[in-house]
Amino acid sequence: MTFSNTLDINPLLQHKGDICISIYMPAHRGGPQTQQDPIRLRNLLGQAATKMVQAEIDTEEINRLLSPARELLENSNSDFWQHQSDGLALFIGDGFFQYQRVPVDFNEFVSVSHSFYIKPLLPLWTTNGSYYILAVSQNQVRVFEATRSSVEPMSLEAVPNSLAEALKYDDPEKQLQFHSSRSDTPIYHGQGASARDDRTDILRFLRAIDGGLKSSLTSTHRPMVFVGVDYLFPMYQQISSYPTLLDTPLATNPDSLSPQDLHQQTWPMAEAHFSQALKQNKARYLELAGSNYTSSSLKDILNAAHDGQIDTLFVVSEHQKWGIYDAQSRQFAEADGTDPRSDGLLNLAAVYTLHCGGQVFVTGAERMPTNTLAAAILRYPMPKKTAAV
């Protein structure tokens, strides 16, 4: 099953509407516990309906908006409920319905607002949550998407499954002469095959993998950990076009490793990368602190994010601040999260930042560069009278 590689954040960022419904719930991958999931969704849809009633939205309009999600409840034994991941997120708007099965164990949450609430998903889309594992031998190629707590195989048709498949359109006679040994070293019989021939074939194989990944992966900012025997990685690194391939591979033959083994051995490498990226950007902020290239004022951050001014945004993972933001007046007023006119302001700042090509770090309060809910590095300076230190 393919998860967030197929998820596109842009529709959620670009959707315009007076009513944007976001629902998050934990789910189950299989077994009798899946029977709980439709009941849970039914209750959450009820909460969304209640919020819209409180906002004086017409009952007919409520039913029209929730109709696509309610259709999922018709058969609790359907394939939809039998093939879940750890979490399910639904996004509903006027003429818009999207659901996402992701390897994140969500808490139950319902938002009815003017923008979709995407903060719980940000670690999957930004530079501090998910990564790819590329496990390569001449016998098989496997690609996984992983997070701290999960690993999922990805089905990428453009990526060859083995060296033999990658070269199947080459000389058929040569293919008949090729066999793979258990040591993952190619052996040719007859016709004077040389080490140079072997290297050329392997490079073609690796280029086919790289080409398949390039055409398949949409989230190229995520780190990728290469797993393979020691001689393969330098060759792959030489030809790879993937921008965030980690410099250090897991040097082993992956054929005998289960997905769980691969996850256990690669997560520390990905975690080190994430920590380093956050550390480097935090250091950038602290170096610029006190200048008009940084801000920790939420009002200024919202305005800067709306204007496309933010290069890097840090937001606290544990908290949210609700308010009504008016982009025209460039002001916001605090509001109750139950008010459908309100937005999660940290979420809104992240939406604006991502929409304009900035990067977002969602992190614990102890790892923030400031003792505030949000902090930002700016692409161009803020006027000194509004810059906040």
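The structure we're discussing is the one just above.
None of these values were measured; they are calculated from a predicted model. (Residues numbered from 1 in each chain as written. Predicted model: local features only at pLDDT ≥ 70, side-chain atom pairs only at ≥ 80, totals over all residues. Heavy atoms only, no water.)

Details of the packing of helix 2 (residues 36-54) against helix 3 (residues 59-70)
Describing two packed helices takes the angle between their axes plus the distance from one axis to the other. For clarity, the cut-off: Think of each axis as a best-fit line through the C-alpha atoms, taken over the contacting stretch in the case of a helix, with angles from 0 to 180 degrees between the N-to-C directions. Only DSSP runs of H or I covering at least 4 residues are called helices, and only runs of E covering at least 2 are called strands; the numbering of each starts at the N terminus. Angle categories: roughly parallel below 35 degrees, roughly antiparallel above 145, roughly perpendicular from 65 to 115, and oblique for all the rest. Throughout, a crossing is termed right-handed when the near helix is turned clockwise from the far one, and left-handed when it is turned anticlockwise from it by less than a right angle. Whether two residues are in contact is decided by their heavy atoms, any of which lying within 4.5 Å being enough.
Interhelical geometry of helix 2 versus helix 3 gives an angle of 165° and a closest axis separation of 11 Å. Here helix 2 lies roughly antiparallel to helix 3, going by the angle between them. You can see that helix 2 and helix 3 cross each other, and the crossing is right-handed. Side by side, helix 2 and helix 3 meet where L41, L45, A49, M52 and V53 of the first sit next to I62, L65, L66, A69 and R70 of the second.

Some points on the sheet that holds strand 18 (residues 374-378)
Definition in use: A pair of strands is labelled paired if DSSP reports no fewer than 2 bridges between them.
Here we have 4 strands laid out as an open sheet, ordered 12-18-13-17, and mixed in their pairing. Two strands close off the open sheet at either side, each with one partner strand: strand 12 (294-295) and strand 17 (359-363). Its contacts with the sheet put helix 10 (residues 259-288) on strand 12, strand 13 (310-316), strand 17 and strand 18, and the angle it makes with strand 13 is roughly 110°. Lying over the sheet, helix 11 (residues 298-306) contacts strand 12, strand 13 and strand 18, oriented at roughly 45° with respect to strand 18.

Details of the side chain of S130
What counts, and what does not: A 1.4 Å probe rolled over the protein chains alone gives each residue an accessible area, and that area as a share of the maximum for its type sets the label: buried under 20%, exposed over 50%, partly exposed in between. N or O atoms within 3.5 Å of each other form a polar contact, as long as, within protein, one can give a hydrogen and the other can take it, and as long as residues adjacent in sequence are counted only when both atoms are side-chain atoms.
When you line up the elements, S130 lands in the loop between helix 5 (122-125) and strand 5 (131-136). Classification of S130 by relative accessible area gives buried; the value is 0%. Polar side-chain contacts of S130 include one of 3.0 Å to the side chain of R222. When near neighbours in sequence (up to four residues on either side) are disregarded, S130 contacts P123, L124, E145, A146, T147, R222, P223 and F274.

Thoughts on the packing of aromatic side chains
Keep this limit in mind: When the centres of two rings from Phe, Tyr and Trp lie within 6.5 Å, Trp using its six-membered ring, the rings pair. Their planes under 30 degrees apart give stacked, over 60 give edge-to-face, and anything left gives tilted.
If you walk through the whole model with that rule in mind, you get 19 aromatic pairs. Considering the side-chain rings of Y24 and F91, the 5.9 Å spacing of their centres and the 85° angle between planes classify their relative orientation as edge-to-face. With Y24 in strand 1 (residues 20-26) and F91 in strand 2 (residues 87-93), this pair connects stretches of sequence that are 67 residues apart. The interplanar angle of 85° and the centroid separation of 6.2 Å between the aromatic rings of Y285 and F314 together place this pair among those described as edge-to-face. Of this pair, Y285 sits in helix 10 while F314 sits in strand 13, and the two are 29 residues apart along the sequence. The exposure class assigned to Y285 is buried, which follows from its relative accessible area of 2%. The exposure class of F314 is buried, given its relative accessible area of 0%. An aromatic cluster is defined as three or more aromatic residues linked by ring pairs; in this entry it consists of Y24, F91, F96, F106, F109, F116, Y117 and W322.

Brief notes about the packing of helix 11 against helix 12 (residues 345-355)
The interhelical angle for the contact between helix 11 and helix 12, taken along N-to-C directions, is 30°, at an axis separation of 8 Å. By the criterion of interaxial angle, the relationship of helix 11 to helix 12 is roughly parallel. Here helix 11 runs over helix 12; the crossing is left-handed. Counting all contacts with helix 11, which are made through L298, I301, L302, A305 and H306, the residues of helix 12 involved are L345, L346, L348, A349, Y352 and T353.

A look at helix 11
Along an α-helix, residues three or four apart share an orientation, since each turn contains 3.6 residues. Among the 9 residues in helix 11, 7 count as buried, and that is most of the element. For helix 11, the set of buried residues is L298, D300, I301, L302, N303, A304 and A305. Those residues of helix 11 that are buried are in contact with strand 12, strand 13, strand 14 (322-326), strand 15 (331-334), helix 12 and strand 18. Looking one or two residues past helix 11, G308 carries a phi angle of roughly 75°, positive in sign.

A look at the pairing of strand 5
Of all 6 residues that make up strand 5, 6 are buried, and the element is covered over most of its length. Of the two faces of strand 5, both are covered, the one formed by Y131, I133 and A135 as well as the one formed by Y132, L134 and V136. Pairing analysis gives 6 bridges linking strand 5 to strand 6 (residues 141-146), with the strands arranged antiparallel. Residue pairing for strand 6: Y131 is matched across the bridge by A146. The hairpin turn running from strand 5 into strand 6, its antiparallel successor, is 4 residues long. Relative to strand 10 (residues 224-228), strand 5 runs parallel, the two being bridged by 4 bridges. Looking at strand 10, one finds that L134 is bridged to F226.

Regarding the pairing of strand 18
Counting buried positions along strand 18 yields 5 of 5 residues, so the element is predominantly enclosed. Side chains of strand 18 alternate between two faces, with A374, A376 and L378 and A375 and I377 buried alike. The pairing of strand 13 with strand 18 spans 5 bridges and is antiparallel. Bridge pairing in strand 18 links I310 to L378.

Some words on the sheet that holds strand 11 (residues 250-251)
With respect to topology, 5 strands assemble into an open sheet ordered 7-6-5-10-11, the strand pairing being mixed. The open sheet has two free edges, formed respectively by strand 7 (151-153) and strand 11, since each of these has just one partner strand. For strand 10 and strand 11, the ladder comprises 2 bridges, and the chain directions are parallel. What sits directly across from G228, in strand 11, is A251. Against the sheet, helix 10 makes contact with strand 5, strand 6, strand 7, strand 10 and strand 11, and its axis sits at roughly 130° relative to strand 5, the strand it touches most.

Brief notes about the nonpolar core
Put simply, the test is: Nonpolar core, defined: a set of buried Ala, Val, Leu, Ile, Met, Phe, Trp, Tyr and Cys residues in which side-chain atoms within 4.5 Å join the residues together.
Core analysis: the largest hydrophobic core is formed by 39 residues, its most contacted members being F91, I118, L121, I310, L313 and V360. Top contributing element to this core by residue count: helix 12, with 7 residues. Those residues in contact with L313, other than ones at most four positions away along the chain, are I301, A349, A350, T353, Q359, V360, F361, A375 and A376. Listed in part, the 27 residues of the second largest apolar core include L156, L213, F233 and M235.

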